[in-house]
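Structural description and commentary
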Amino acid sequence: MAAPSQSTAFPTLRTPAGDVPADAPRWNPQRPSAMPHHRYQPAHQRVALPLTERTWPSRRLERAPLWVPVDLRDGNQALAEPMDTARKRRMFDLLVTMGFKEIEVGYPSASQTDFDFVRHLADSGTVPDDVTVSVFTAAREDLIDRTIASVEGLPRTLVHLYTATAPTWRNVVLSRSRAEVHRLILDAAGYLLRKAEQRPGADIRFEFSPEVFNLTEPDFVLDVCNSVTELWEASPDRPVIHNLPATVEIATPNVYADQIEYMDRHLARRDSVILSVHPHNDRGTGVACAELAVLAGAQRVEGCLFGNGERTGNVDLVTLALNLYAQGVNPMVDFSDIDAVREVVEHCNRLPVHPRHPYGGDLVHTAFSGTHQDAIAKGLAHHAKQAAEQGLAAEEAPWAVPYLPIDPGDIGRTYEEVIRINSQSGKGGIAHLLHTHHGLDLPQSMRPDFSRAVQHVTDSTGQELSHKELWELFRTTYIAPALDGTLALASWNATEPAPGEHRFTCTLRTGGQEHSCHGTGNGPLSALADALRTVGITVDILGYTEHSTSTGPGSPAVAYAECRVNGVTRWGAGWDTSVLTASVHAVMAAVNRCEQASS
């Protein structure tokens, strides 16, 4: 088989031109790329993976872990414009309001701004009694001194000690052997313990992170963590936290889960250790890593709201918590106003949340596709019906609507943006918006007709239509022709001289002339059709329906009429507080549209 020719449209790209692999199936003609993939090692060649019999795949997520937002430290370090005290305080207040009980607030030895913010929290006395403030420090005595000084006066504090343990970091960054790194960690952990003991009455607990845990030899990281657990004299009533970061993702999420389950099984004093994870998102699987890690034994998850962080970010706590919620598990934090949460995060981070970001983006509950819109519209109607049959409010009834994993109303979203209309939209979505916002219930056979009118506008403009624009298009297409068409009723009157006998009398204006007409029939509309015959217009009313657009006296009625005139069939609509007037206008609108099509 000949290799494909090189494209000249993208001169910096190299179209793969190697031989199709001999073992490739015939349906897969992909060729090897010239990119130097051989420079990179798979995970199993970079770190030992000792777990061979895993149990995490058969477990279920049935409760939320302890969520620990690190927006104010790890997330803040990843900002081009780090937060000042005012922005940090706004973020802190949001996190407290949402229900987070442990919050990492800064790296006080790294910057004066971070130090000042920790002091602000201590001096202001605004930290709730059940909230623990966490501060971050490297394993150096001068940095530990600065960290301990920053938390003076705080009611409950967690000091988070970290050191990189992976071989590349040991060799390249620290220039130390395994034994030397182990000694450095124990020296720092012991020094931290002594400094804390010099603060009698202070409630200071400890956390240790072997940074780049996921690339560290399992026997080494286990040995280090166990020795730190012993040194800190961990007990069930005063446990230590071992936080095991996937600092740089290098493998599929199942590998991280295996690593966490290995630690869960082998950590000493397991009932005195809170097993924590801190996944990053370099491979785009941070959320999956966290979820599988919890299955594997993790009890605590560190991350950021909407996933801000270095490179591709920290794990996203919004997605994690609402993923649980979508499975019927209480997330233990409040996202009932997702837009308020997003507004604060965007203000503090000065970064936008992507419109397709899970749960929180502007477009995540929005359907443009016609098939999706039709399914959602039917699903919402079915949900309302089921709720009524069960005697429940719609917001309390079990949720099962196509394409919407959770009820947007549960996180403070309205149904305004669930269905939006563009060139990809269908008749079901269009009908849903007209019904939701304007009380119209289009007949099923009318919906394709209006859908074509919408498609014509959206195709020609390339833009979407709001529900107000949709209504205006409906009005000008189906309602207005009754009043501004070539045939107009200057005046009219409908009577019922006898039961079942109707009479329609009118003055018809056409071509600048007025004609007096009258007709009879078994109903007002058949009498109108009979009157129109007197001026040579033969009208067959093929379909008719009407309904009120809302409840209460004075509610407008809308009528829809499908008419055939001289072989042309068109729909018309009428809108009036009088059902009779609306029905007459619907027929006249259809007739005028037929006349216009014939001319």
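Treat the numbers as computed from the prediction; the structure is a model and nothing was measured.

Let us now look at the overall build of the chain. The helix and strand tally for the chain stands at 19 helices and 14 strands. For 599 residues, the compact-globule formula gives about 25 Å, and the C-alpha radius of gyration of the chain, at 35 Å, lies well above that figure. If one aligns the C-alpha atoms of the chain with their principal axes, the spans along those axes are about 105 × 70 × 45 Å. Going through the 599 residues of the chain one by one, you find that 50% of them count as buried. Long-range pairs, those at least 24 residues apart, make up 65% of the contacts in the chain between residues at least 6 apart in sequence. With 52 positive and 72 negative side-chain charges, the chain shows a spacing of 4 Å between the two charge centroids.

Glancing now at the nonpolar core. Ranked by internal contacts, the top residues of the largest apolar core, which has 92 residues, are W67, V105, W232, I260, L305 and F335. The dominant element in this core, judged by the number of residues it contributes, is helix 7 (residues 178-197), at 10 residues. F335 has contacts with M98, L305, L317, V318, A321, L322, D410 and I411, leaving out every residue within four places of it along the chain.

Here we come to the packing of aromatic side chains. Scanning all chains against the criterion turns up 12 aromatic pairs. Seen from their ring centres, Y107 and Y162 are 6.4 Å apart, and the 85 degrees between their planes marks the pair as edge-to-face. In this pair, Y107 sits in the loop between strand 2 (102-106) and helix 4 (112-124) while Y162 sits in strand 4 (residues 156-164), placing the two residues 55 residues apart along the sequence. By the burial criterion, Y107 is buried, and Y162 matches it. Ring centres 6.4 Å apart and planes at 65 degrees place the aromatic pair F213 and Y256 in the edge-to-face group. With a gap of 43 residues between them, F213 in the loop between strand 5 (203-211) and helix 8 (218-231) and Y256 in helix 9 (residues 253-266) connect regions that are remote in the sequence. Taking relative accessible area as the criterion, F213 reaches 3% and is therefore assigned buried. Overall, Y256 belongs to the buried group, its relative accessible area being 2%. What links up through ring pairs into an aromatic cluster is the set F450, W471, F474, Y478 and W575.

Attention now goes to the pattern of salt bridges. Inspection of the entire model under this criterion finds 34 salt bridges. Here D130 ties to K101 by a salt bridge, and the two come within 2.8 Å at their closest N and O atoms. With a gap of 29 residues between them, D130 in the loop between helix 4 and strand 3 (132-138) and K101 in the loop between helix 3 (85-98) and strand 2 connect regions that are remote in the sequence. Residue K101 is classed as partly exposed on the basis of its relative accessible area of 36%. Residues joined by salt bridges that share partners form a network here, namely E102, E207, R300 and E302.

L525, A527, L528, A529, A531 and L532 are the residues of helix 18 (residues 524-533) that are buried. Those residues of helix 18 that are buried are in contact with strand 10 (501-510), strand 11 (513-521), strand 12 (539-548) and helix 19 (579-598).

Okay, unusual backbone geometry next. Of note, R269 is a non-glycine position whose phi angle comes to about 50 degrees, a positive value. Positionally, R269 belongs in the loop between helix 9 and strand 7 (273-279). With phi around 55 degrees, R311 is a residue other than glycine that occupies positive phi space. Here R311 is to be found in the loop between strand 8 (300-303) and helix 11 (317-325).

On to the UniProt feature "binding site: Mg(2+)" (unreviewed entry) in the chain, then. Here the UniProt-annotated "binding site: Mg(2+)" (unreviewed entry) positions come out as D74, H278, H280 and N314. Across 241 residues of sequence, these annotated residues stay compact in space, with a maximum C-alpha separation of 10.7 Å. Secondary-structure assignment places D74 in helix 2 (residues 71-77). Assessed through its relative accessible area of 7%, D74 is described here as buried. Along the polypeptide, H278 turns up in strand 7. Every residue in contact with H278, bar those within four places of it in the chain, is listed here: V70, R73, D74, N243, L244, P245, A246, Y256, E302 and N314. Within the local environment of H278, its side chain forms a polar contact with the side chain of E302, the two groups lying 2.7 Å apart.

Taken in spatial order, the three strands make up an open sheet running 12-13-14, and their pairing is antiparallel. The outermost strands of the open sheet, each flanked by one partner alone, are strand 12 and strand 14 (568-576). Adjacent strand axes in the sheet meet at a mean angle of 15 degrees, parallel and antiparallel pairs treated alike. As paired strands, strand 13 (residues 557-565) and strand 14 are joined by nine bridges and run antiparallel to one another. Bridged to A561 within strand 14 is G572. Seen against the sheet, helix 16 (residues 467-479) touches strand 13 and strand 14 and runs at an angle of roughly 115 degrees to strand 14. Each of strand 12, strand 13 and strand 14 is contacted by helix 19, which is oriented at about 145 degrees to strand 14, the strand it contacts most.

Its location among the elements puts F335 in the loop between helix 11 and helix 12 (338-349). Sequence separation between F335 and Y325 is 10 residues; the distance between their C-alpha atoms is 10.0 Å.

With that settled, the discussion passes to the sheet that holds strand 3. Paired through their backbone hydrogen bonds, the strands of a sheet run either parallel or antiparallel. The parallel open sheet is built from eight strands, whose spatial order is 1-8-7-6-5-4-3-2. Where the open sheet ends on each side, the last strands, each with one partner, are strand 1 (66-69) and strand 2. Neighbour-to-neighbour, the strand axes of the sheet open up by a mean angle of 30 degrees, direction not taken into account. Alignment of strand 2 against strand 3, held across four bridges, turns out to be parallel.

A few words on the side chain of D407. Locating D407 in the fold gives a position in the loop between helix 13 (370-389) and helix 14 (427-438). Summary of buried charges: D407 has no salt-bridge partner, and the nearest side chain of opposite charge, R413, is 11 Å away. Within the local environment of D407, its side chain forms a polar contact with the backbone nitrogen of G409, the two atoms lying 2.9 Å apart.

Reading guide: rules and limits
- Residues numbered from 1 in each chain as written.
- Predicted model: local features only at pLDDT ≥ 70, side-chain atom pairs only at ≥ 80, totals over all residues.
- Heavy atoms only, no water.
- Helix = DSSP H or I, 4+ residues; strand = E, 2+ residues; numbered from the N terminus.
- Rg over C-alpha atoms; globule rule 2.2 N^0.38 Å.
- Buried < 20%, exposed > 50% of the residue type's maximum accessible area, 1.4 Å probe, protein only.
- Contact = heavy atoms within 4.5 Å.
- Lys, Arg positive; Asp, Glu negative; His and termini not counted.
- Charge placed at Lys NZ, Arg CZ, Asp CG, Glu CD.
- Core = buried A, V, L, I, M, F, W, Y, C linked by side-chain atoms within 4.5 Å.
- Phe/Tyr/Trp six-rings, centres within 6.5 Å; stacked < 30°, edge-to-face > 60°.
- Salt bridge = Lys/Arg side-chain N within 4 Å of Asp/Glu carboxyl O.
- UniProt positions renumbered as here; feature names shortened; annotations may be inferred.
- Polar contact = N/O pair within 3.5 Å; in protein donor to acceptor, adjacent residues only side chain to side chain.
- Pairing = 2+ DSSP bridges.
- Axes fitted to C-alpha atoms, helices over the stretch in contact; angles between N-to-C directions.

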